[in-house]
Amino acid sequence: MTLQLMIGLVLMLAGGEALVRGAVAIAERFGVSPLVIGVTLVGFGTSAPELAACIDAALIGAPGLAVGNVIGSNIANVLLILATGALLHPIIAKPKALRRDGPVLLGSALICVAIVLSGHLGRGLAVVLLLCLIVYLVMAALNDRQPDRTAADDGQPDGSHRPMALPLNLGIAVFGLGAVLLGADLLVKAAVDLAGMLGVSDAVIGLTVIAIGTSLPELATAVIASMKREGELAFGNVVGSNIFNSLGIFGATALVHPIDIPTDVVGPDIWVMLGATLALLIFAMTGWRVSRREGAVLLLGYVAYLGMHARSMGI
């Protein structure tokens, strides 16, 4: 079981990296701006493990894993991933991105809380969530639309190798998606076994083990972006990922299989998620960046959160 869990995590991490690498290369090939790449392709691409794990969990009859994964991943994105990136280098939050995406981030978190409190997510509401996500994507693209760029504009050579790059990057993205799906299947099945062995609910495992595991691509992206001082990409990655988790993953999962919300996550976890979202927005608006000190505060909050669940698991 431990080996299966580790193989699943490795496949999801490697697959998420390949998926993001291929998607970003394709986007850059067509002149999409870094702002849109950070919030959409990178943010959504690194959420592919969460999507695969949640759908798989719903199909095998483990709704606690699906719901716990969404809530736990949103918490980990802010309190672990963004915090780690900020500790390495303060993360810049550009006013343009924050004014556009901040209200959507808060709104999606509130929707997520309302869904959990309602106790059920059916296909009708799932369609509404996915439509909201599509509207957001269209608005983001229109708001950040830039003049067409060519390879020559970017200083890139426009030789005959250029047409070969697109099929290669498509292949990388498809390979990454396949690895993510396989890894998700292994991870979810191992997590269900782990929950049974420890005597805790699927929801608790989803909120902790699965949430951290499926957030590894976001963590890798945030660390790399911070080390390269690409704060806009790191910030957009977390914001885009959380929006996609709340609207896209909840919506897509319930569309495949309606979800009954376990009572386990109607406790402190949804309020921790909402509090983390508010903390992120407040920190970002003070000086338009998340400083190292603020990153440390967020990380300490995550340590306390994990400590709470460790006690419930008897660790």
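The structure we're discussing is the one just above.
I will try to describe carefully the structure that is included in this document. Predicted, not measured: the structure shown is a model, and the values here were computed from it.

### Things to note about the overall build of the protein chain
Phase 1: Within the protein chain one finds 12 helices and four strands.
Phase 2: Buried residues in the protein chain amount to 51% of all 315 residues.
Phase 3: Expressed as a percentage of contacts within the protein chain between residues at least 6 apart in sequence, the contacts between residues at least 24 apart total 87%.

### Let's talk about the pattern of salt bridges
Opposite charge on two side chains allows them to pair when their charged atoms are near.
Phase 1: Evaluated as defined, the whole model comprises one salt bridge.
Phase 2: Between R100 and D101 there is a salt bridge, and its shortest N-O distance comes to 2.8 Å.

### Some remarks on the side chain of N74
Phase 1: Mapped onto the elements of the fold, N74 is located in helix α4 (residues 63-88).
Phase 2: Of the residues examined, N74 reaches a relative accessible area of 3% and is grouped as buried.
Phase 3: If sequence neighbours within four positions are ignored, N74 has contacts with N242, N245, S246 and M273.

### Some points on the environment of R100
Phase 1: Mapped onto the elements, R100 comes out in helix α5 (residues 95-118).
Phase 2: The class of R100 is buried, set by a relative accessible area of 15%.
Phase 3: Within the structure, R100 has its side chain in polar contact with the side chain of D101 (distance 2.8 Å).

### A closer look at unusual backbone geometry
Phase 1: Backbone geometry places W288, a non-glycine residue, at a positive phi of 55°.
Phase 2: With respect to the helices and strands, the residue W288 is situated in the loop between α11 (268-285) and β4 (289-290).

### What about the packing of helix α3 (residues 48-59) against α4?
Packed helix pairs are specified by the crossing angle of their axes together with the interaxial distance, meaning the distance between the axes.
Phase 1: Axis separation between α3 and α4 bottoms out at 7 Å; the angle between their running directions is 155°. By the angle between their directions, the pair α3 and α4 is classed as roughly antiparallel. In this structure, α3 crosses over α4, and the sense of that crossing is left-handed. Across from E50, A53, C54 and A57 in α3, the residues of α4 making contact are P63, L65, A66, N69, V70 and S73.

What counts and how
Residues numbered from 1 in each chain as written. Predicted model: local features only at pLDDT ≥ 70, side-chain atom pairs only at ≥ 80, totals over all residues. Heavy atoms only, no water. Helix = DSSP H or I, 4+ residues; strand = E, 2+ residues; numbered from the N terminus. Buried < 20%, exposed > 50% of the residue type's maximum accessible area, 1.4 Å probe, protein only. Contact = heavy atoms within 4.5 Å. Salt bridge = Lys/Arg side-chain N within 4 Å of Asp/Glu carboxyl O. Polar contact = N/O pair within 3.5 Å; in protein donor to acceptor, adjacent residues only side chain to side chain. Axes fitted to C-alpha atoms, helices over the stretch in contact; angles between N-to-C directions. Parallel < 35°, antiparallel > 145°, perpendicular 65-115°, else oblique. Left-handed = near helix turned anticlockwise from the far one by under 90°.

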